[in-house]
Amino acid sequence: EMAQMRLLSVHEAAFAWAASKFAFQFAGTVGPAFAHVSEVLKGSAEISNTELYSIRTRLKQPPFGEDSIAASCRKHPEVVRALYKEFQRLLHPAIAGRQPTLPKWDERSEAGLAIEALEDLEAAAIFKHFRTFLKSIRKTNFWKNDKLSLSFRLDPSFLHKVDYPDTPHGIFFMAGNKFIGFHTRFQDIARGGIRVVQSLSEQAYQTNRERAFAECYNLARTQHSKNKDIPEGGSKGVILLDCTPDRSLADRYTPAVFKKYIDGMLDLLLVTKGGDPTESRIVDRLGQTEVVFCGPDEHTGTGGLMDWACEHAGRRGAWFWKAFTTGKLPENGGIPHDSYGMTTSSVEQMLKGVLQKKGIPEHEATKVMTGGPDGDLGSNSLLMSEVKTIAMVDGHGVLFDPAGLCTEELRRLAHLRFKGEHVNSQMYEAKLSDKGFKVGTSDRDVILPDGSVERSGRAFRDRFHLHPLASADFLNPNGGRPESITALNVDQLFKDSGEPKFKYIVEGGNLFITQDARRTLERRGVPVFKDASANKGGVTSSSMEVLAALALTDEEFDLHMRVSDPQCPPDFYQRYVKEVIRRIRLNAQCEFEVLWGEGERTGVPRCDLTDKLSDLVIKLDAEIQAAPSLWGDEKLRAVTLDYAIPDTLTPGLISQDTLMQRVPDSYLRSIFSSVLASQFYYREGIEASPFAFFSFVQDVKDGWLKEHLKEMEAAGVDLDGPSIVRGSG
């Protein structure tokens, strides 16, 4: 609009548009009062860092609307022009790029003085955020001739500590037609999903727009905690699609904005250190080569978007193209979590850990499960678990039999799903006992075997996990709505006598139970293994997928990782997948042992122990990476990598020396540090003395890592089966 009115040039207007998006996202703050409250509560057993982040996000409000920002630009175009001139001085390839040294930031620049001279205080505050944007930019594709979006690599040091107490490693900001997007990561080597946020009403869009970066930050920080025993730290990408009136239109725009976002990110990732800015049209003020690893999330896991991103990176010449995305089809070297039960493998390992500790044979235990044969976690649980299912709640209703549902029939339904058929709990055909029943969501006025009447099948489905009939050894949420169990209804998980309806809870799905409800359950005698510990198998699988892509040449990758015939995957691929599953179970068992032991010893809720363990491992991981002497110890490095790398890959296909030549040094160091940090706390416990680390390192050099693995198996820990390895179904 301002360009059309000739108030600004097209380039000045484009800069103002991007800067206004930045100012809207980052101008708000919760203020110093919250910082004080946060400091008082930090470390409290009553609230976790994740909960503090959530409260902080809800309280933070932008002080300026986008209309106010646009009005200030229209009112003071001379300030916008001065800011754009400063933008050119710092980052234009034909100006900054041709100087022997890059221009330095000048607090007293023409733009800075123009802002100070403004009597319009609101406009001055807005333009100060424009300057913060300028100061934080390390790379931008703004002056590239061919681009699908504007993209900026930002130095995250501008973030207020009170709003974002843990400073990320890096931020990408993308803006284009019909979207804005962010990508946040908490260490150099990081991986996480990219989601598209759709808004089907103006009210939803306003809320989503205000929280776009905060959501990205919180998700990345949560992922960082979950990734504690793999080399990649946590990251997340959030793409906010403009408001659309209906779902079909949103679904039509989603692939387009995803591709613009990815292309803009690649513009900045493909800038090489020391490259000619007049050729790339990008001035590099960061001074280091970066790589980002991405995966699927909401609205990006279907339609071949991960495959497209990987192939597009290859077409653009990215050296990391094979590893750029996970969640690809097997024909592109992907290892599908769903098909091989990767997430379920870690959930089931936690559940089996409880059974082993309590001496309960698996087939004698009972469980109530949310999520059924229509979902990946539910269907894989039915195929892998020998625990007797007495109730199952899915999107179509409730299936219940206190005598136990027929395992063969449940598995028949699960297999049908993997053949592409639509299945659900109400398609169960085996005979039920006289106390069993099926209630569909469309049913009304249903008389249950005990004579009670349920007026609405949908309402019955939504609250069945709280119903008196829902009682078993385990509650195993593998689906369902977030926050289905909260502090307001958790009492309904206990009988009138105070006895819990479930003895143990192992969470497969995310966010089914709130943290305060978990604490209540633990205090009243129900051990809870929360989602962040139990369902981390998927992130481990994706990490191994990245490793294979980095380690193999294009020719080796085509031969050993691409599955052209689903009925007969390459031999290497099959053996590698089995080793991935084994590693998932090993990591889950190690974490289970710490959580079980520390929970028994201290009485601290295991949901809080999960968070504390993550924080400790992440902190030690960073300290190991900062200690070059550890990586420089050749024996320590060799035995650690030997333990971490699947034998199928090294030495099965390539030597460790070849691996070290092909895989970036930063990635290898991350493998090294993540193994040592996680295994130290898995062995020594959460209260471990820092001095114990030195004897631990010596034990690792003496072969402890593999000896410990043998000891676990000798103690009866099963790391090899059963698993889901599917070709024909």
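Presented here is a report on the structure given in the accompanying data block. No experiment lies behind these values; they were computed from the predicted model shown.

Looking at the side chain of Ser381
In this structure, Ser381 sits in helix α15 (residues 376–384). Judged by relative accessible area, which is 1%, Ser381 ranks as buried. In this structure, Ser381 is in contact with Thr344, Glu348, Lys367, Met369, Asn476 and Asn478, ignoring residues within four places of it in sequence.

Observations concerning the pairing of strand β6 (residues 233–241)
Every regular strand shows the same layout, with side chains that alternate between the two sheet faces. Summarising burial for β6: nine of the nine residues are buried, a large majority. For strand β4 (residues 179–185) and β6, the ladder comprises seven bridges, and the chain directions are antiparallel. When the sheet's bridge partners are listed, Gly181 is paired in β6 with Ile239.

Structural notes on the nonpolar core
Phe258, Ile262, Phe324, Tyr576, Leu649 and Tyr667 are the most contacted members of the largest nonpolar core, which has 112 residues in total. At 13 residues, helix α22 (residues 571–602) tops the list of elements feeding residues into this core. Residue contacts for Tyr576: discarding those within four places in its chain leaves Ile335, Met544, Leu547, Ala548, Pro646, Thr648 and Leu649. Residues Phe15, Ala23, Ile126 and Ile180 belong to the second largest nonpolar core, which totals 58 residues.

Focus on the sheet that holds β6
Sheet architecture is open: seven strands sit in the order β1-β2-β3-β4-β6-β5-β7, paired in mixed fashion. In the strand order of this sheet, the two ends are held by β1 (137–140) and β7 (293–296), each with one partner. Along the sheet, successive strands turn relative to each other by an average axial angle of 20°, direction set aside. On top of the sheet, helix α10 (residues 247–269) reaches β1, β2 (150–154), β3 (170–176), β4, β5 (190–197), β6 and β7; it is set at about 130° to β6, its chief contact.

Concerning the pairing of β3
β3 sits mainly inside the fold: seven of its seven residues count as buried. Here β3 shows no split at all, with Gly170, Phe172, Met174 and Gly176 on one side and Ile171, Phe173 and Ala175 on the other all buried. Note: β2 against β3, five bridges, orientation antiparallel. Within the sheet, the bridge partner assigned to Leu150 lies in β3 and is Ala175. Pairing between β3 and β4: seven bridges, direction antiparallel. Bridging from a neighbouring strand, Ile171 pairs with Thr184 of β4. Where β3 hands over to β4, the hairpin turn is made up of two residues, of which Lys178 adopts a positive phi near 75°.

Notes on the packing of helix α5 (residues 77–91) against helix α7 (residues 121–136)
Where α5 meets α7, the closest approach of the two axes is 10 Å, and the angle between their N-to-C directions is 10°. Comparing their axes, α7 and α5 come out roughly parallel. Contact residues: Val79, Val80, Leu83, Glu86 and Phe87 in α5; Phe127, Phe130, Arg131 and Leu134 in α7. Of the residues belonging to the contact of α5 with α7, the class tally is seven nonpolar, no polar and two charged.

Quick notes on the packing of aromatic side chains
Under the defined criterion, the tally for this structure stands at 45 aromatic pairs. Centre to centre, the rings of Phe133 and Phe173 are 6.1 Å apart; their planes meet at 75°, and the pair counts as edge-to-face. Highlighted residues: Phe133 in helix α7 and Phe173 in strand β3, separated in sequence by 40 residues. For the pair formed by Phe133 and Phe173, the shared burial category is buried. Seen from their ring centres, Phe186 and Tyr217 are 5.5 Å apart, and the 65° between their planes marks the pair as edge-to-face. Of this pair, Phe186 sits in the loop between β4 and β5 while Tyr217 is found in helix α9 (residues 212–226), placing the two residues 31 residues apart along the sequence. Of the residues examined, Phe186 reaches a relative accessible area of 11% and is grouped as buried.

Considering α10
When the terminal C-alpha atoms of α10 are compared, their 32 Å separation across 23 residues agrees well with the 33 Å that a helix rising 1.5 Å per residue should span. At Tyr253, α10 is deflected by roughly 30°, the largest bend along its length, and proline Pro255 occurs up to four residues later in sequence.

Thoughts on the state of the cysteines
Under the definition given, this model contains zero disulfides. Cys294 carries a free sulfur, and the closest cysteine sulfur to it, the one in Cys216, is 11 Å from it.

Reading the values: rules and limits
Once a new chain begins, its residue numbering starts again from 1 and follows that chain's sequence as written. Whole-chain, interface and lining totals are the exception, using all residues; otherwise, since this is a predicted model, local features are given only for residues with pLDDT of at least 70 and side-chain atom pairs are given and counted only at 80 or more. Side-chain descriptors were evaluated using all non-hydrogen atoms of the structure, hydrogens and water having been removed beforehand. Secondary structure is summarised from DSSP: a helix means a run of H or I of at least four residues, a strand means a run of E of at least two, and numbering begins at the N terminus for each. Think of it in three bands: with a 1.4 Å probe and only protein chains considered, a residue is buried below 20% of the maximum accessible area for its type, exposed above 50%, and partly exposed in between. The contact criterion used is simple: two residues touch if any of their non-hydrogen atoms lie within 4.5 Å. Two strands are counted as paired when DSSP detects at least two bridges linking them. Nine residue types can take part in a nonpolar core, namely buried Ala, Val, Leu, Ile, Met, Phe, Trp, Tyr and Cys, and a core is a set of them joined through side-chain atoms within 4.5 Å. Lines fitted to C-alpha atoms define the axes, with helix axes restricted to the stretch in contact, and inter-axis angles between N-to-C directions lie between 0 and 180 degrees. Between 65 and 115 degrees an angle is taken as roughly perpendicular, under 35 as roughly parallel, over 145 as roughly antiparallel, and anywhere else as oblique. As a working rule, the residues Ala, Val, Leu, Ile, Met, Phe, Trp, Tyr, Cys and Pro are called nonpolar, Asp, Glu, Lys and Arg charged, and the rest polar, with Gly in that last group. The rule is short: rings of Phe, Tyr and Trp, with Trp giving its six-membered ring, pair when the centres are within 6.5 Å, and they are stacked under 30 degrees, edge-to-face over 60, tilted in between. Take the residue count of a helix, subtract one, and multiply by 1.5 Å to get its expected span. The reported bend at a residue is simply the angle between two axes, fitted to the 7 residues ending at it and to the 7 residues beginning with it. Two cysteine sulfurs form what is called a disulfide whenever their separation falls within 2.5 Å.

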